[in-house]
Amino acid sequence: EGGVARMLQAHKYELSVFMFTEAGEEMLVTTNTEFEFEIQEEFLLSSEPALGSVVLQGVQRGVTTVHATLKRILPPKCDDCAWSDLFQAAQSQAVETGVVGSLKILIDDPVGLLPSCPIRLPAFDWIGHTLALQGTGGSSQFKWHMVPNEVHSSLSVSHSGLLSSSGVANTPDGNELTITDASLPLNSASCHVEVSVPASLQAIATPSELPVGETSLIQLKLYDAASMWYHNCSEIPLRWILSDNSILSNATATPARADGVCTQQLLTADRPGKVEISARFKGMHASVLVSVFLPMEVTAPRSQKLLVALGSSA
C-alpha cells in the first residue's frame with residue numbers, strides 16, 4: 001500500500017502482492033488466494049495473474065496506479081485441516097472490508113545516447129578532438145561518467161556531455177562511457193569509445209558530374225582498420241590538390257559538415273573539362289574525378305510562312 005515504483009518503458013517487471021493481518025503479521029499467499037488487478041491498459045500491458053503476482057510492461061511514459069483487490073481465500077482441500085478456520089476468517093474479513101492494495105507507478109523512457117555506439121575518434125600526433133554527446137529518454141537530466149580501462153586514459157567527459165580526446169590511441173576494447181538519468185540511477189546506458197590510428201582515406205565528390213555554373217561538394221573521410229568512419233576528425237590537417245585549377249573554384253558557402261567528414265569544400269564549376277581531386281595522408285592516398293560540361297541549350301526552330309499567289313489566266 002502506498003509508495004511510488006519506477007519502471008522503464010518496454011521493460012518487464014513482476015508485481016507481487018503481500019497480505020498482512022490487522023496485527024501486522026504477514027499472511028502466506030498461496031494458490032488458494034484469488035486477487036483481481038485493476039490496470040490501465042493505456043500505460044501497462046499485463047500477464048495473467050498467478051499466485052498473487054502479475055508481470056507488467058510499460059507501454060508509454062506517464063504515471064499510473066495499479067490496484068489489487070483480494071477477492072476470496074479458498075479453504076484447503078481437507079476436512080480437518082488446522083488452517084481451514086483461518087482461511088475462512090480471512091476470507092470473510094477480506095470480502096466484507098474490501099481489502100485493496102494500490103501502487104503508483106512512474107514509467108520512464110530508457111536512457112539513450114547520440115551519436116550511435118561505439119563512438120570512434122582518431123589518434124594522430126597528439127591532436128585532440130571533442131564531440132558533443134546528447135542524451136535521450138529519462139528525465140532529460142543526465143550524469144556522464146568515463147570508466148577508463150587504463151591507468152592513464154586519453155578520454156574525458158564533462159558534466160554537460162562534452163567528450164574530449166587527447167589524440168592518443170586507447171586499447172582495442174576502448175573506454176566505457178556511461179550516461180545515467182540524474183533522477184533515476186537504475187536508468188542508464190553504456191557506450192564504448194574507441195581512439196585508433198586511421199587506416200584508410202576516401203575522397204568524395206557530390207555530384208561528380210555537373211554543368212558549368214553548378215556546385216559540387218568535395219569531402220574527405222578517414223576510416224579505422226575496421227573500415228568505420230570517425231565521428232569527428234575535423235582537427236586533422238587534411239588537404240587536397242586539383243590537377244587543373246581553372247575548372248573549379250571555391251564557392252562562397254559550404255553546408256554543415258556531416259558525421260564522418262573530416263574536411264569539405266563546396267566548389268563551383270567555372271568551365272568544361274575534367275579535373276582529378278587527390279589527397280594524401282600518412283602514406284594513404286585517395287582521389288576522385290569530377291567532370292564539368294556545358295549545359296544543353298534548347299533552341300526552338302524559326303517559324304516559316306508559306307506564301308500562295310492567286311491569279312487568273314486569260
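Shown above is the structure to which this text applies.
Residues numbered from 1 in each chain as written. Predicted model: local features only at pLDDT ≥ 70, side-chain atom pairs only at ≥ 80, totals over all residues. Heavy atoms only, no water.

Observations concerning the overall build of the protein
Quick reminder of the rule: What counts as a helix is a DSSP run of H or I of at least four residues, what counts as a strand is a run of E of at least two, and both are numbered from the N terminus. Burial here depends on accessible area, computed with a 1.4 Å probe over protein chains only, as a share of the maximum for the residue type. Under 20% is buried, over 50% is exposed, and the range in between is partly exposed. Any two residues whose heavy atoms approach within 4.5 Å are treated as being in contact. Areas reported here follow the Shrake-Rupley algorithm with a probe of radius 1.4 Å; residue values treat only the protein chains shown as occluding.
Looking only at helices and strands, one finds one helix and 26 strands in the protein. Going through the 314 residues of the protein one by one, you find that 37% of them count as buried. The long-range share in the protein, meaning contacts at least 24 apart out of those at least 6 apart in sequence, stands at 65%. Here the protein displays about 18,900 Å² of accessible surface, and carbon together with sulfur accounts for 53% of that area.

A few points about the sheet that holds strand β1 (residues 4-8)
Using the following cut-off: By definition, two strands form a pair when at least two bridges between them are found by DSSP. Helix axes are fitted only over the stretch in contact, all axes being lines through C-alpha atoms; the angle between N-to-C directions runs from 0 to 180 degrees.
Strand order in the open sheet made by the four strands is β1-β9-β8-β5, with mixed pairing throughout. Of all the strands in the sheet, just β1 and β5 (33-38) have a single pairing partner and so form its edges. For this sheet the average axis-to-axis angle between neighbouring strands, irrespective of direction, equals 30 degrees. Both β1 and strand β9 (residues 100-108) contribute to a ladder of five bridges, which runs parallel. For methionine 7, the partnering residue across the bridge sits in β9 and is isoleucine 107.

Topic: the pattern of salt bridges
Any two side chains of opposite charge can pair if their charged atoms end up close together. Stated formally: Salt bridges are defined as contacts in which a side-chain nitrogen from Lys or Arg sits within 4 Å of a carboxyl oxygen from Asp or Glu.
In total, this model carries three salt bridges according to the counting rule given. Residues aspartate 108 and arginine 6 are paired through a salt bridge, measuring 2.7 Å at the closest nitrogen-oxygen approach. Here aspartate 108, found in strand β9, pairs with arginine 6, found in strand β1; they are 102 residues apart in sequence, far enough to count as distant. In this structure arginine 6 comes out as partly exposed when scored by relative accessible area, which is 28%. Between aspartate 108 and arginine 61 there is a salt bridge, with its nearest N and O atoms 3.4 Å apart. With aspartate 108 in strand β9 and arginine 61 in the loop between β7 (53-58) and β8 (62-73), this pair connects stretches of sequence that are 47 residues apart.

A word on the environment of histidine 11
Within the secondary structure, histidine 11 is located in the loop between β1 and β2 (12-16). Here histidine 11 falls in the partly exposed class, since its relative accessible area comes to 36%. When near neighbours in sequence (up to four residues on either side) are disregarded, histidine 11 contacts Leu56, Gln57, Gly58 and Pro110.

Overview of the side chain of lysine 221
For the record, the criterion: Two residue types count as positive, namely Lys and Arg, and two as negative, namely Asp and Glu; His and chain ends fall outside the count.
Mapped onto the elements of the fold, lysine 221 is located in strand β21 (residues 215-223). Among buried Asp, Glu, Lys and Arg side chains, lysine 221 stands out as unpaired, with aspartate 259 the closest opposite charge at 9.4 Å. Every residue in contact with lysine 221, bar those within four places of it in the chain, is listed here: Ser200, Leu201, Gln202, Ile204, Asp259, Gly260, Val261 and Cys262.

Focus on the nonpolar core
Cut-off, in case you're wondering: Buried residues of nine kinds, namely Ala, Val, Leu, Ile, Met, Phe, Trp, Tyr and Cys, make up a nonpolar core once their side-chain atoms join them within 4.5 Å.
Ranked by internal contacts, the top residues of the largest apolar core, which has 26 residues, are Leu201, Leu222, Leu238, Leu248, Phe281 and Val290. The set of elements that each furnish at least two residues to this core consists of β19 (200-206), β21, β24 (261-269), β25 (273-281) and β26 (284-293). The element that contributes the greatest number of residues to this core is β26, accounting for five residues. Setting aside residues no more than four positions away along its own chain, valine 290 makes contact with Ala205, Ser208, Leu210, Ile218, Leu248, Gly273, Lys274, Val275 and Ile277. By size, the runner-up hydrophobic cluster in this structure holds 19 residues, among which are Met7, Val17, Met19 and Leu44.

Quick look at the packing of aromatic side chains
Here a ring pair, both rings aromatic, is described through the centre-centre distance and the interplanar angle of the planes. Rule in force here: Ring geometry is summarised as follows: Phe, Tyr and Trp rings, the Trp one being its six-membered ring, pair when their centres sit within 6.5 Å, and such pairs are stacked at plane angles under 30 degrees, edge-to-face over 60 and tilted between the two. By the criterion adopted, a ring carries a charge over it if an Arg CZ or a Lys NZ lies within 6 Å of its centre and within 35 degrees of its normal.
Taken as a whole and assessed by the stated rule, the structure comprises one aromatic pair. Its guanidinium or amino end placed over the ring of tryptophan 229, arginine 120 lies 5.6 Å from that ring's centre, counting from NZ or CZ.

Structural notes on unusual backbone geometry
Between leucine 114 and proline 115 the backbone carries a cis peptide bond, its omega angle lying at 5 degrees. Position of proline 115 relative to the elements: it lies in the loop between β10 (112-114) and β11 (119-122). Cis geometry is found at the peptide bond from cysteine 117 to proline 118, where omega equals -5 degrees. Within the element layout of this structure, proline 118 appears in the loop between β10 and β11. Despite not being glycine, alanine 10 has its phi angle at roughly 75 degrees, a positive value. If you trace the backbone, alanine 10 turns up in the loop between β1 and β2. The phi dihedral of tryptophan 126 falls on the positive side, at around 60 degrees, and the residue is not glycine. Within the fold, tryptophan 126 resides in the loop between β11 and β12 (129-132). Looking at tryptophan 126, the relative accessible area reads 67%, which means it is exposed.

Side note on the state of the cysteines
Convention followed: Only a pair of cysteine sulfur atoms within 2.5 Å counts as a disulfide in this structure description.
Counted under the stated rule, the structure contains two disulfides. Between cysteine 117 and cysteine 191 runs a disulfide, and the two sulfur atoms are separated by 2.1 Å. Taking the sign of the torsion about the S-S bond as the criterion, the disulfide between cysteine 117 and cysteine 191, at about -130 degrees, is left-handed. Residue cysteine 117 is located in the loop between β10 and β11, and its partner cysteine 191 is located in strand β18 (residues 184-196); the two are separated by 74 residues in the primary sequence. Residue classification places cysteine 191 among the buried positions, given a relative accessible area of 1%. Look at the protein and number its bonded cysteines as they come in the sequence; the links are 1-2, 3-4.

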